[in-house]
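So you can see what is in the structure, the chains are spelled out below.
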Amino acid sequence: MGNFKKYIVLWLSQSISQLGSSMTAFALVLWVYEQTHSTLSVSLISFCNYVPYILTSIFIGSFIDSHRKKSVMLVADSIAAMTSLFTLGFLIAGNLAVWHIYIVNMIVGVSTAFQQPASSVAIAKIVPKNKLSNVSGMNSFSGNLVIVFSPMLAAMLFSVGDLPLILLFDLFSFAVAFCVLLFLIRIPERLTKGKFKSPFAEIMFGFHFLKTEKGILYIMLTMAVINFFSRLTYENILSPMILARSSENNIVLGIVNACMGIGGIVGGLLVSMKRESRKKASMIYVSAALSFLLGDLTMAVGRNVFFWSFAALAASLPLPFIMAGQNLILYKKIPENIQGRVFAVRNAVQYSTIPFGILLGGYLSDYVFEPFMCSNSDIVTLLGKIVGIGAGSGMAVMFLCTGICGFVMSIFSLFCKEIQKLNDC
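Residues numbered from 1 in each chain as written. Predicted model: local features only at pLDDT ≥ 70, side-chain atom pairs only at ≥ 80, totals over all residues. Heavy atoms only, no water.

Caption draft 1: Seen up close, the packing of helix 5 (residues 98-126) against helix 14 (residues 339-351). Contact geometry for helix 5 and helix 14: axes closest at 9 Å, N-to-C directions at 130°. Considering the angle they form, helix 5 stands oblique to helix 14. Viewed along their axes, helix 5 and helix 14 form a crossing whose handedness is right-handed. In contact with Gln116, Pro117, Ser120, Val121 and Ala124 of helix 5, helix 14 contributes Gln339, Gly340, Phe343, Ala344, Asn347 and Tyr351. For the contact of helix 5 with helix 14, a count of residues per class yields six nonpolar, five polar and no charged. (Axes fitted to C-alpha atoms, helices over the stretch in contact; angles between N-to-C directions. Helix = DSSP H or I, 4+ residues; strand = E, 2+ residues; numbered from the N terminus. Parallel < 35°, antiparallel > 145°, perpendicular 65-115°, else oblique. Left-handed = near helix turned anticlockwise from the far one by under 90°. Contact = heavy atoms within 4.5 Å. Nonpolar A, V, L, I, M, F, W, Y, C, P; charged D, E, K, R; others polar.)

So this is what it looks like as structure tokens:
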């Protein structure tokens, strides 16, 4: 079996495992909300996952480079599976508490910090260079397919067998992926042993490399800002805004969320089938600009399910192109022996803004924008003509702000000279 065919088998098994993990994450949100009826409690689930992930990513780059990627992936996946087993045991015993879920998400965040860079480096070792763009599209396709179907499957299993049945499916999907990786996949390894006096010396090595590759560093920094604007609204604000502006219509919310997943699926298919772009850096920021312009701004001014559905499609369809362009640049510009370190630094830098965006978005919605749109200010009258008035209008203004800021940031990044140099890599 050729390497690319083996990767397809690995991709399918990992996608099944990703489906199980996503269903568990969704079910845990339902369970926590049932226990607390608190939006903040639900937001803390994501926060407890992202912060350990980011902090761990800073320090583990050299570890990834100096250890077998297959072993790292197997151990990291096993630790994540143990958390599901732990949750199932406490649930059956009747002792599961909300704070247990926070600890579980912290452990999963740490294991993901090891698994993701190891997986990214492993892909470059398994897949032929001319197939890397297709692989990025395949990953986007499967990821968005999971986004569309995992809530429906989780809700169905939740109604039939409650949380234990979903946890059992998660453990089964892990077992499938574990066996495929252990017995069928061989990853060519060329390990490098870095000698660092301290973890901080290791971190500085990664940043020192980025100083010599300023274009890559600028991509990481600009994507951190773009991620912040994106998470400020979509992570916490989208669902409450749609519900508030549709008279609490869950069907409308389901349609909009499905369209967001479908957009990502279509984008992933297009990336997986198209030839490798010659202007990789431009593809990143043109795609981001279109996502903010057509997605966020349409979401802000929309007043019905048709506008919101179009906005969801327009926001998510360009995302696979962003990831494909970035991954191709990283694979081609970073020497193989230090890819683990640089990918780990990339994850720490780019995703460092996400937890702050998640928490700040909820705060701004509840305590700033929604109350502001209920005031009698002249600016409120003007904004009301653009986004409408009533419940949810403050959140719509937030989408208006992120749409404008995200578009401007994307265009500014597009014309950065150091980033433009990467078009020819």
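Caption draft 2: Quick peek at a nonpolar patch on the surface. A cluster of nonpolar side chains, Leu145, Phe149, Met152, Leu153, Met156, Val160, Leu165 and Leu168, forms an exposed patch at the surface whose accessible area comes to about 700 Å². The partly exposed category is assigned to leucine 153, whose relative accessible area is 30%. (Patch = residues over 30% accessible without salt bridge, like charges linked within 9 Å, V, L, I, M, F, W, Y side chains within 5 Å. Areas by Shrake-Rupley, 256 points an atom, 1.4 Å probe, with all protein chains shown as cover. Salt bridge = Lys/Arg side-chain N within 4 Å of Asp/Glu carboxyl O. Buried < 20%, exposed > 50% of the residue type's maximum accessible area, 1.4 Å probe, protein only.)

Caption draft 3: Structural detail: the pattern of salt bridges. Overall, the coordinates contain two salt bridges when judged by the stated rule. Here glutamate 213 and lysine 333 are joined by a salt bridge, their closest N and O atoms 3.8 Å apart. Placement of glutamate 213 in the loop between helix 7 (199-212) and helix 8 (214-233) and of lysine 333 in helix 13 (residues 319-333) is noted, with a sequence separation of 120 residues between them. Lysine 333 gets classed as partly exposed once you look at its relative accessible area, which sits at 29%. With its nearest N and O atoms 3.4 Å apart, the salt bridge here joins lysine 421 to glutamate 418. Classification of lysine 421 by relative accessible area gives exposed; the value is 56%.

Caption draft 4: Examining helix 15 (residues 354-372) more closely. If you look at helix 15, its biggest bend is around 50°, right at serine 365. Looking only at helix 15, the buried set comprises Ile354, Pro355, Gly357, Ile358, Gly361, Leu364, Ser365, Phe369 and Glu370. (Bend = angle between axes of the 7 residues up to and from the residue.)

Function-wise, these values are silent; they only describe arrangement.
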